[in-house]
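Coordinate analysis (summary)
Spelled out, the chains give:
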Amino acid sequence: MLTEIEKEEQVLVIFPHPDDEAFGVSGTIATHRKRGTPVTYACLTLGEMGRNLGNPPFATRESLPEIRKAELKNAAEALDIQDLRMMGLRDKTLEFEDDCKMADLVSNLLAELKPSLVISFYPGFAVHPDHEATARAVVRAVRRLPEGERPKLHLVAFANNTDTDLGAPDLVYDISDVFEQKMAALRAHISQTAWMLKEMEKLLHQKDETTVQRIMFERFWNYRWDDDKVSEL
Amino acid sequence: MEPIITAKVQESIDSFANQEVYIHLETTNGAYASHFDEKFFSAGAYIRNAKISYEHGKIVGEGPYRVGLKLAIGWVYAEGLTHFGFDEKGRLLLAGHGFDGKLAVALQIGKEPFKY
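Residues numbered from 1 in each chain as written. Chains lettered and ligands numbered in written order. Predicted model: local features only at pLDDT ≥ 70, side-chain atom pairs only at ≥ 80, totals over all residues.

A few words on the overall build of chain B. Of regular secondary structure, chain B possesses two helices and nine strands. Reading the helices (α) and strands (β) of chain B from amino to carboxyl end gives β-α-β-α-β-β-β-β-β-β-β. The globule rule puts the C-alpha radius of gyration for 116 residues at 13 Å, and the 14 Å found for chain B is close to it. Scored against the burial criterion, the 116 residues of chain B give a buried share of 31%. If you take every contact in chain B between residues at least 6 apart in sequence, the share linking residues at least 24 apart comes to 52%. (Helix = DSSP H or I, 4+ residues; strand = E, 2+ residues; numbered from the N terminus. Rg over C-alpha atoms; globule rule 2.2 N^0.38 Å. Buried ≥ 20, exposed ≤ 12 C-beta atoms within 10 Å, placed from the backbone. Contact = placed C-beta atoms within 7 Å.)

Our focus in this paragraph is the overall build of chain A. Secondary structure summary: chain A contains eight helices and seven strands in total. Its C-alpha atoms give chain A a radius of gyration of 17 Å, within 12% of the compact-globule value 17 Å for 233 residues. Along the three orthogonal principal directions, the C-alpha set of chain A runs to about 50 × 40 × 35 Å. Counting all 233 residues of chain A, 46% fall into the buried class. Put simply, of all contacts in chain A between residues at least 6 apart along the chain, 81% involve residues at least 24 apart.

Glancing now at the interface of chain B and chain A. On the side of chain A, 16 residues touch chain B, which itself brings 23 residues to the contact. Elements with a contribution of two residues or more to the side of chain B that touches chain A: strand 7 (83–86), strand 8 (92–97) and strand 9 (103–110) of chain B. Among the residues making up the side of chain B that touches chain A, the classes are represented as 10 nonpolar, 10 polar and three charged. (Nonpolar A, V, L, I, M, F, W, Y, C, P; charged D, E, K, R; others polar.)

Time to look at the sheet that holds strand 1 (residues 11–15) of chain A. Residue and element names in this part refer to chain A. Ordered in space as 3-2-1-4-5-7-6, the seven strands form an open sheet in which the pairing is mixed. The outermost strands of the open sheet, each flanked by one partner alone, are strand 3 (83–89) and strand 6 (171–174). Taken over all neighbouring pairs, the strand axes of this sheet differ in orientation by 25° on average, direction set aside. Where strand 2 (residues 39–45) and strand 3 come together, five bridges link them in parallel fashion. Each bridged residue has a counterpart across the sheet, and for Ala 42 the counterpart in strand 3 is Arg 85. With respect to the sheet, helix 3 (residues 99–113) is in contact with strand 1, strand 2 and strand 3, its orientation differing from that of strand 1 by roughly 165°. (Pairing = 2+ DSSP bridges. Axes fitted to C-alpha atoms, helices over the stretch in contact; angles between N-to-C directions.)

A few words on the pairing of strand 2 of chain A. All names here are of chain A. Burial analysis of strand 2 places six of its seven residues in the buried class, the great majority of the element. With helix 1 (residues 20–34) bridging strand 1 and its parallel neighbour strand 2, the resulting β-α-β unit is right-handed. Crossover handedness for the path strand 2 to helix 2 (residues 64–78) to strand 3: right-handed. (Right-handed = clockwise from strand over helix to strand, strands pointing away.)

Our next topic: the environment of Ser12(B). All names here are of chain B. Examined against the element boundaries, Ser 12 turns out to sit in helix 1 (residues 6–15). Among the residues examined, Ser 12 registers 19 C-beta atoms within 10 Å and is labelled partly exposed. For Ser 12 and Gly 90, which are 78 residues apart along the polypeptide, the C-alpha to C-alpha distance reads 9.4 Å.

So, on to helix 3 of chain A. Residue and element names in this part refer to chain A. For helix 3, with 15 residues, the first-to-last C-alpha span of 21 Å sits near the 21 Å given by 1.5 Å per residue. All buried positions along helix 3 are accounted for by Met 102, Ala 103, Val 106, Leu 109 and Leu 110. Looking down the long axis of helix 3, one finds its buried residues gathered within 115° of arc, a one-sided arrangement. Residues Cys 100, Lys 101, Asn 108, Ala 111 and Glu 112 are exposed on helix 3 and point more than 90 degrees away from its buried face. Against strand 1, strand 2 and helix 4 (129–143) lie the buried residues of helix 3. At the C-terminal side of helix 3, Lys 114 shows a positive phi close to 45°. (Expected span 1.5 Å × (residues − 1). Arc of directions from axis to C-beta.)

All names here are of chain A. Where helix 7 (residues 190–205) meets helix 8 (residues 209–216), the closest approach of the two axes is 8 Å, and the angle between their N-to-C directions is 110°. In terms of orientation, helix 7 lies roughly perpendicular with respect to helix 8. In this structure, helix 7 meets helix 8 at a crossing whose hand is left-handed. Residues Met 200, Leu 203 and Leu 204 of helix 7 pack against Thr 211, Val 212 and Ile 215 of helix 8. Grouping the constituent residues of the contact of helix 7 with helix 8 by class yields five nonpolar, one polar and no charged. (Parallel < 35°, antiparallel > 145°, perpendicular 65-115°, else oblique. Left-handed = near helix turned anticlockwise from the far one by under 90°.)

Here the focus is unusual backbone geometry. In this structure, Pro56(A) follows Asn55(A) across a cis peptide bond, with omega equal to 5°. You can see Pro56(A) is positioned in the loop between strand 2 and helix 2. Of note, the amide linkage connecting Gly63(B) to Pro64(B) takes the cis form, showing an omega dihedral of -5°. Residue placement: Pro64(B) occurs in the loop between strand 4 (54–60) and strand 5 (65–71). Of note in the backbone geometry, Asn18(B) takes a positive phi value of approximately 60° without being a glycine. Structurally, the position occupied by Asn18(B) is in the loop between helix 1 and strand 2 (21–27). Look at Asn49(B): it is not a glycine, yet its phi comes out positive at around 65°. Examined against the element boundaries, Asn49(B) turns out to sit in strand 3 (residues 45–52). A tally of 14 C-beta atoms within 10 Å means that Asn49(B) is categorised as partly exposed.

Structural data, given as structure tokens:
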């Protein structure tokens, strides 16, 4: 069931790694930007622990952060994101950070930007520990707000148990209008996406249904406040 | 990074012996290993900017290589190392890159702490 993307006042996207935005939500971001809606992207780390370094290697553990920072800026440019914030945390450490500080970081962004929509991961269905820690911080920060003042929370879920435990997505957007921008965002993160893109472009060319579905449609779940599993701090 | 030349690596290991050095040691299957294959048992460990001093160290094997550092009261070691290089501060960077081009292990030694 397709949904139209609603017009927003201000969108806040919060993800932990450069490229998290490209896979699941870049078409949605590009659509908001096309309408002139301000989009802030807070990227918590530089993906310093990325494992795609090539063999023969094109980067080292120490040179990767700068490479990914440049890629992140390029991706933001491809999507016309005017407000990119690199929050300076370290890849793979977010779940070990002080949970209060993590929620405060999000609360500060909410207070400053007053977004009408927040896009992030769905806690419990986000697979990577950094995704989960980010998702929890977002839910905790939004939960601090009185119900009437909360922004919409559109969350990405991709754990293997998503269908059975969370059900079908609440929102499915056809982003074929901005497909080229999505591809440009994916290409911007070339150090991490090169192999995947090669395979994906081949499958798209063959009109492979699963791949077309995965790329041309973006899926979100509303947060189930009536089944809130994120613990209080 | 280039494929390990044991003599060069050994020379560098020797040059860092018996003084305070910072190490980065990491091993990982990647955070998605168990997502893509639910039967896969994912494990890893990571330490960054641990300050140590070792009495001596050695690179051994036919490739992939192993490196062990003997401390006054302990050990540091890594296996699966394939590539080496030096950064702009002369730190020794050792890495093990899998057949798929993904980093599987890293051991790095420097006189100055690593960034980030």
